[in-house]
Amino acid sequence: MTDSKYFTTTKKGEIFELKAELNSDKKEKKKEAVKKVIASMTVGKDVSALFPDVVNCMQTDNLELKKLVYLYLMNYAKSQPDMAIMAVNTFVKDCEDPNPLIRALAVRTMGCIRVDKITEYLCEPLRKCLKDEDPYVRKTAAVCVAKLHDINAQLVEDQGFLDTLKDLISDSNPMVVANAVAALSEIAESHPSSNLLDLNPQSINKLLTALNECTEWGQIFILDCLANYTPKDDREAQSICERVTPRLSHANSAVVLSAVKVLMKFMEMLSKDLDYYGTLLKKLAPPLVTLLSAEPELQYVALRNINLIVQKRPEILKHEMKVFFVKYNDPIYVKLEKLDIMIRLASQANIAQVLAELKEYATEVDVDFVRKAVRAIGRCAIKVEQSAERCVSTLLDLIQTKVNYVVQEAIVVIKDIFRKYPNKYESVIATLCENLDSLDEPEARAAMIWIVGEYAERIDNADELLESFLEGFHDESTQVQLQLLTAIVKLFLKKPTETQELVQQVLSLATQDSDNPDLRDRGYIYWRLLSTDPVAAKEVVLAEKPLISEETDLIEPTLLDELICYIGTLASVYHKPPSAFVEGGRGVVHKSLPPRTASSESTESPETAPAGAPSGDQPDVIPTQGDLLGDLLNLDLGPPVSGPPLATSSVQMGAVDLLGGGLDSLMGDEPEGIGGPNFVAPSAATVPANLGASMGSGLSDLFDLTSGVGTLSGSYVAPKAVWLPAMKAKGLEISGTFTRQVGSISMDLQLTNKALQVMTDFAIQFNRNSFGLAPAAPLQIHAPLSPNQTVEISLPLNTVGSVMKMEPLNNLQVAVKNNIDVFYFSTLYPLHILFVEDGKMDRQMFLATWKDIPNENEAQFQIRDCPLNAEAVSSRLQSSNIFTVAKRNVEGQDMLYQSLKLTNGIWVLAELRIQPGNPSFTLSLKCRAPEVSQHVYQAYETILKN
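Residues numbered from 1 in each chain as written. Predicted model: local features only at pLDDT ≥ 70, side-chain atom pairs only at ≥ 80, totals over all residues. Heavy atoms only, no water.

- Going by the annotation in an unreviewed UniProt entry, the name recorded for the protein is AP complex subunit beta, with Puma concolor given as the source organism.
- According to the UniProt record, the Subcellular location (unreviewed entry) comment for the protein is "Endomembrane system". (UniProt positions renumbered as here; feature names shortened; annotations may be inferred.)

### With respect to the overall build of the protein
Then, in step 1: A tally of regular secondary structure across the protein gives 38 helices and 15 strands.
Then, in step 2: Counting the 946 residues in the protein, one finds 53% classified as buried.
Then, in step 3: Put simply, of all contacts in the protein between residues at least 6 apart along the chain, 69% involve residues at least 24 apart.
Then, in step 4: When the accessible surface of the protein is split by element, carbon and sulfur atoms take 51% of a total near 42300 Å². (Helix = DSSP H or I, 4+ residues; strand = E, 2+ residues; numbered from the N terminus. Buried < 20%, exposed > 50% of the residue type's maximum accessible area, 1.4 Å probe, protein only. Contact = heavy atoms within 4.5 Å. Areas by Shrake-Rupley, 256 points an atom, 1.4 Å probe, with all protein chains shown as cover.)

### Thoughts on a negative patch on the surface
Then, in step 1: Together, Glu464, Glu467, Glu471 and Glu501 line one region of the surface with negative charge.
Then, in step 2: By the secondary structure assignment, Glu464 is in helix H26 (residues 462-470).
Then, in step 3: Residue Glu464 is classed as exposed on the basis of its relative accessible area, which comes to 51%. (Patch = residues over 30% accessible without salt bridge, like charges linked within 9 Å, V, L, I, M, F, W, Y side chains within 5 Å. Salt bridge = Lys/Arg side-chain N within 4 Å of Asp/Glu carboxyl O. Lys, Arg positive; Asp, Glu negative; His and termini not counted. Charge placed at Lys NZ, Arg CZ, Asp CG, Glu CD.)

### Quick word on the packing of aromatic side chains
Then, in step 1: With the rule as written, the count across this model stands at 11 aromatic pairs.
Then, in step 2: On the numbers, 5.2 Å between centres and 40 degrees between planes, the contact of Tyr361 with Phe369 is tilted. Summarising the burial analysis for this pair, Tyr361 and Phe369 share the class buried.
Then, in step 3: Members of the aromatic cluster, connected to one another through ring pairs, are Trp723, Phe738, Phe825 and Tyr829.
Then, in step 4: Positioned above the aromatic ring of Phe369, the side-chain terminus of Lys335 is 5.2 Å from the ring centre. (Phe/Tyr/Trp six-rings, centres within 6.5 Å; stacked < 30°, edge-to-face > 60°. Lys NZ or Arg CZ within 6 Å of the ring centre and 35° of its normal.)

### Observations regarding the sheet that holds strand S15 (residues 921-927)
Then, in step 1: Spatial strand order, S11-S15-S14-S13-S12: five strands in an open sheet with antiparallel pairing. Single-partner strands in this sheet number two, and they are strand S11 (858-863) and strand S12 (883-890). The sheet shows a mean angle of 20 degrees between the axes of neighbouring strands, direction not considered.
Then, in step 2: Bridge count for strand S14 (residues 907-914) against S15 is six bridges, and the pairing is antiparallel. Bridging from a neighbouring strand, Ala910 pairs with Leu925 of S15.
Then, in step 3: Packed onto the sheet, helix H37 (residues 870-878) meets S12, strand S13 (893-901), S14 and S15 and runs at close to 5 degrees relative to S13. (Pairing = 2+ DSSP bridges. Axes fitted to C-alpha atoms, helices over the stretch in contact; angles between N-to-C directions.)

### Looking at the sheet that holds strand S3 (residues 721-724)
Then, in step 1: Sheet architecture is open: five strands sit in the order S3-S4-S5-S8-S7, paired in antiparallel fashion. The strands lining the two open edges of the sheet, one partner per strand, are S3 and strand S7 (774-775).
Then, in step 2: Bridging between strand S5 (residues 744-753) and strand S8 (residues 790-798) involves eight bridges; their strand directions are antiparallel. By the bridge assignment for S8, Leu749 is matched with Ile793.

### Brief notes about the pattern of salt bridges
Then, in step 1: The full count for this structure, using the stated rule, is 34 salt bridges.
Then, in step 2: With a shortest N-O distance of 2.8 Å, Asp132 and Arg103 are connected by a salt bridge. Placement of the pair is Asp132 in the loop between helix H8 (116-130) and helix H9 (135-151) and Arg103 in helix H7 (residues 100-112), with a sequence separation of 29 residues.
Then, in step 3: Among the residues examined, Arg103 registers a relative accessible area of 7% and is labelled buried.
Then, in step 4: The network of salt bridges with common partners includes Arg371, Arg375, Glu409, Glu441 and Glu443.

### Here's the deal with the state of the cysteines
Then, in step 1: Tallying each qualifying case throughout the model produces zero disulfides.
Then, in step 2: Cys380 supplies the cysteine sulfur nearest to Cys391, a cysteine that is in no disulfide, at a spacing of 5.7 Å.
Then, in step 3: By relative accessible area, Cys391 is classed as buried at 0%. (Disulfide = S-S within 2.5 Å.)

### Remarks on helix H25 (residues 442-454)
Then, in step 1: In this model H25 runs 18 Å from its N-terminal to its C-terminal C-alpha over 13 residues, within 8% of the 18 Å that 1.5 Å per residue would give.
Then, in step 2: When you tally the buried positions in H25, you get 11 out of 13 residues, the bulk of the element.
Then, in step 3: Along H25, the residues that are buried comprise Ala444, Arg445, Ala446, Ala447, Met448, Ile449, Trp450, Ile451, Val452, Gly453 and Glu454.
Then, in step 4: Tucked into the core, H25 has its buried residues touching helix H23 (404-420), helix H24 (429-434), H26 and helix H27 (478-494). (Expected span 1.5 Å × (residues − 1).)

### Remarks on the side chain of Asn179
Then, in step 1: Looking at where Asn179 falls in the secondary structure, it is placed in helix H12 (residues 174-190).
Then, in step 2: The residues contacting Asn179, other than those within four sequence positions of it, are Lys139, Thr140, Ala142 and Val143.

### Some details on the nonpolar core
Then, in step 1: Counting 212 residues, the largest nonpolar core has Tyr72, Leu126 and Phe418 as the members making the most contacts within it.
Then, in step 2: Membership of the second largest hydrophobic core comes to 65 residues, among which are Leu779, Ile833, Ala859 and Val936. (Core = buried A, V, L, I, M, F, W, Y, C linked by side-chain atoms within 4.5 Å.)

### A few points about the environment of Leu71
Then, in step 1: When you line up the elements, Leu71 lands in helix H4 (residues 63-76).
Then, in step 2: In this structure Leu71 comes out as partly exposed when scored by relative accessible area, which is 40%.

Shown next, in the form of structure tokens:
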């Protein structure tokens, strides 16, 4: 008879009977009773009353019975902690059992009993098991350390288990190595600041050796660990890639994706001229293609990852277009992903194949899929210019089918084609106008209205067509109303005599009869433009529009680089960084690709961190909106801030808003372009009086010449880095760095014109950011910038702009405009430019504040390879406004107690431990906003090492 019989009994008085059976002398009876107890526990009955009787059954040689008792123990130890202590002796005994299976079982169960009282008793048995002669016991003990760390981290550190775990990385058994790596990675995740996995070429070599002999999950742990390592040069990167490449042919798709992640990351360091680089590209394609023959769910995960890989390195799969063709029985989620990748891989070489395939899809029965397919044809036309004509004729064929939703999608994409190739395909407008009556979706109606307005001079009855839309103006969606208003104004400017009545009608509908503020504002702007200066109105409304770009849905480059580091995880399926969906963000670390080495070509992306910010992983220190704003308003953070309160975040940029309506409006696709409806020229009152001075430093500093203000402060300045390469900005290259001198912050820019035309009308604007950085004056370039000319300017900044948490905290998004276009880039500013000159606390206040800040806000960091002594460290830091409050010598160690203050009033307290002769320092930081600690540590590293 099977074990199912244990689940069928529901007698009364059962607990009493089980008690008697558990205390029986017969082994078989005992075993039966424990099975019944486990069965009752499994179906949710409370059998905790039998705890002492079950624990008594632990003293047995029978492995099956021991496993059952341990199972019971794990379940009830939490609710019966005092009783659980009874089991400790047996654990200690079982950890010395001659049978390795029993030793491992004991240590595994110990890790699962999450009771604080017991943990200290388990340290001794665990220490023995970590050094056990049997690898099975050692690998189980390694995982137990991670579990114990989760319950009581301090105990694990005090007992030296972490060092033992690090030693296990050099173990002779590959499974022990894999579990040690898994345990250390788990612990490191919850403590991003601790440098547990201190990887070096020797330990990497050991991991690569173990990689070949591990189980598949062991291989994944090791590969994920390798992905966090940054090789010292391209030769080491190539050597690791060569040893990881065989994993690409593994049967487990998780191993394959982990290997792809390591290779994609390390390829960043390889020069494209190397033969090996080409070989690696060829080797990466087959495993990715193989993943697409798995079941649909795995295909979907593979396709989401491939989508990222294709955006980063399209050359890997450029010859594999056919595997992304849709099969009739693919689920819709797989079909849509394949379609997206097909468009990304479309090129002049394969466009004919792709178009034939897309035309076929447009006749499918699945409406969502058909819409996407029609849209895809339009995207191909925009991406591959040579195919545009073919795409347009394909779209016209589809319009002739008269299938309503196909026609509507086709009109939407034809509008985009007109935007990309003006004055080329307007002959098709007549065909489009025939289908006017069948349009019922807002997007399609808006697209058609835009086409009629834009090409009104070519359409004889344009006024009649637009008038027909006007009849039901109030029933239309906002999108259609806005387009209709703009289209009729365009028509009036092209044919003023015939359409005066029509334009008056639409303006009164938009301004007097509408309660939509966007529509009203746009109506009033047109009304005033037309009534005051029709010539200017013509220049504004009929201005030449910029061509639309081919890839509108590409992931932003910094985010793409981060997601490449998360291939094979949930982040790569969501296409979001973990900080966006992991609750609380505890232990979520921002990852980034390694920088290219000197020997490889230096194609710096605009997102390259400025040299002031250390390269490597950017930890996630995003505060909640309340944290930073709370700190701006919270005066209990430390000594009272002298001088005026901080300006509110609504203060506008001091310069005239040349970009019209701020960065947010630039990001949108308003047809008005620069100087749209949001444009407000600020009054003189909004220009901050102290353009250069730091807001946080208070009035007293203006008169206190001894505090550093008034003398040139030697704050560290990073060398200029390329923020915006010429290829991304139509020939404009921008390099820069940040400086702080005499209490004022500036952005030192170098603009180079690598285009063939002269550049003029420069303006700059920042998006809202964590510390309210904003330009304190306009970007002044007095002479036009001729081709091949370079100009250097220093742009003063202040910290009275709007505040919004950024990711990472020191991220700054910038828009630069010139006569050619508006360009965007983001950069990371080093935090020490925000350290103010009055950041020195007095000793008593320091002591009181240190005690007052809770211990969980303390973060510890290691600063390595710094050969300075305490005096040199103190003076170097003081030049960057990190002040030494007190200095002590304890047991031969120099202890520096330091304070600094940020421009928004946040105080950071530090303890720096320096052992003479040892180039590694220990830095402890305490702050009421612990989010800034990681960046303050990076500032320390930057200042001390440069």
